[in-house]
Amino acid sequence: MDMQALREEQVEKASQIVRIDDLGFAQPTLIAGADVGFEQGGDVTRAAIALLRYPSLELVEYQIARIETQMPYIPGFLSFREYPALLKAWGMLQHRPQLVVVDGQGIAHPRRLGVASHFGLLADVPTIGVAKSRLCGQFAPLDDAVGALQPLNDKQEQIGWVWRSKARCNPLFISTGHRISLPTALSFIQSCMRGYRLPEPTRWADAIASNRPAFQRWLLQDSDNRV
């Protein structure tokens, strides 16, 4: 595998990322959450996309795509491993969301191309990266209070936000994916909270991917509504 070629591709694609608001809407009506995981010892890549009405955040559609994993795990290059399954799940959606929240980094990446940015560029959709851990950058000590906020900086540039979304939980790392500014990205994530650590779009995507009880309850309710 030509790592230098991949680095050069990252740098080139990162230069195409739009870091200002280019949303195409005043307020979205549909917002999606995306989560990528791996099955069968990493041989299968699984992408789940949850589609929610906004601002009610009611789950209305979901899709799960599974494909053969096309690239080994290489730190710093995860988006190449994850985006093919995301694009497949994206193509399966019956409705198109105006904004996608991706479980992963956006520009908060050493070469400014995490999976949220990479996918957003390829799908040409506004995206926000919401990661559960820091990949790069530094931030000042964060207060323990809910809502505590610090900028995430790297090489004299702000690349994201560090935000405590829930008490006694580690903070989230929020960054521009594509076609959205850092302030607007933060504002949308704050509007998507319902008392959990994760915003509803990625919380639902994770619940669907992992077949969690909340998703099982939704399936039962949805089945009842169809009868």
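Residues numbered from 1 in each chain as written. Predicted model: local features only at pLDDT ≥ 70, side-chain atom pairs only at ≥ 80, totals over all residues. Heavy atoms only, no water.

Chemist: Can you lay out the pairing of strand E5 (residues 127–131) for me, pointing to particular residues and giving the numbers?
Modeler: Most of E5 sits inside the fold, with 5 of its 5 residues counted as buried. Alternating positions in E5 separate into two faces, Thr-127, Gly-129 and Ala-131 on one and Ile-128 and Val-130 on the other, with burial throughout. A crossover links strand E4 (residues 99–103) with its parallel partner E5, the connecting element being helix H3 (residues 115–123), and its sense is right-handed. Sheet topology note: the E5/strand E8 (residues 172–178) ladder contains 5 bridges and is antiparallel. (Buried < 20%, exposed > 50% of the residue type's maximum accessible area, 1.4 Å probe, protein only. Helix = DSSP H or I, 4+ residues; strand = E, 2+ residues; numbered from the N terminus. Right-handed = clockwise from strand over helix to strand, strands pointing away. Pairing = 2+ DSSP bridges.)

Chemist: Tell me what's going on with the nonpolar core, and back it up with residues and numbers.
Modeler: Counting 33 residues, the largest nonpolar core has Ile-31, Ile-128, Ile-174, Phe-188 and Ile-189 as the members making the most contacts within it. Every element with two or more residues in this core is listed here: strand E2 (44–53), E4, E5, strand E7 (157–163), E8, helix H4 (182–191), helix H5 (200–209) and helix H6 (213–226). Setting aside anything within four residues of it in sequence, one finds Ile-189 in contact with Val-101, Ile-128, Val-130, Trp-163, Ile-174 and Pro-199. In this structure, Ala-34, Ala-65, Ala-89 and Val-125 belong to the second largest nonpolar core, which totals 21 residues. (Core = buried A, V, L, I, M, F, W, Y, C linked by side-chain atoms within 4.5 Å. Contact = heavy atoms within 4.5 Å.)

Chemist: Can you break down the packing of helix H2 (residues 78–92) against H3 residue by residue, with the values?
Modeler: Across the interface, H2 lies against H3 with an axial gap of 9 Å and an inter-helix angle of 45°. The angle between the axes of H2 and H3 places the two elements in the oblique class. The element H2 and its partner H3 pack so that their crossing is right-handed. Every residue of H3 that contacts H2 at Ser-79, Phe-80, Glu-82, Tyr-83, Leu-86, Leu-87 and Trp-90 is listed here: Val-115, His-118, Phe-119, Leu-122 and Ala-123. (Axes fitted to C-alpha atoms, helices over the stretch in contact; angles between N-to-C directions. Parallel < 35°, antiparallel > 145°, perpendicular 65-115°, else oblique. Left-handed = near helix turned anticlockwise from the far one by under 90°.)

Chemist: So what's going on with the UniProt feature "site: Interaction with target DNA" (unreviewed entry) in the protein? Which residues, and what values?
Modeler: Summarizing the sequence annotation, UniProt attributes the feature "site: Interaction with target DNA" (unreviewed entry) to Tyr-73 in the numbering used throughout. Tracing the chain through its elements places Tyr-73 in the loop between strand E3 (59–68) and H2. When near neighbours in sequence (up to four residues on either side) are disregarded, Tyr-73 contacts Leu-78 and Arg-81. (UniProt positions renumbered as here; feature names shortened; annotations may be inferred.)

Chemist: Describe the UniProt feature "binding site: Mg(2+)" (unreviewed entry) in the protein, and please don't skip the residues or the numbers.
Modeler: UniProt's feature table lists "binding site: Mg(2+)" (unreviewed entry) at Asp-35 and Asp-103, given in the numbering used throughout. A stretch of 69 residues holds the annotated residues, and the largest C-alpha distance among them is 5.3 Å, short enough that they meet in one place. Non-local contacts of Asp-35, meaning those with residues more than four positions away in its chain, are made with Arg-46, Ala-47, Ala-48, Asp-103, Ala-205, Asp-206 and Ala-209. Here Asp-103 shows up in strand E4. Every residue in contact with Asp-103, bar those within four places of it in the chain, is listed here: Ala-34, Asp-35, Val-115, Val-130, Lys-132 and Thr-202.

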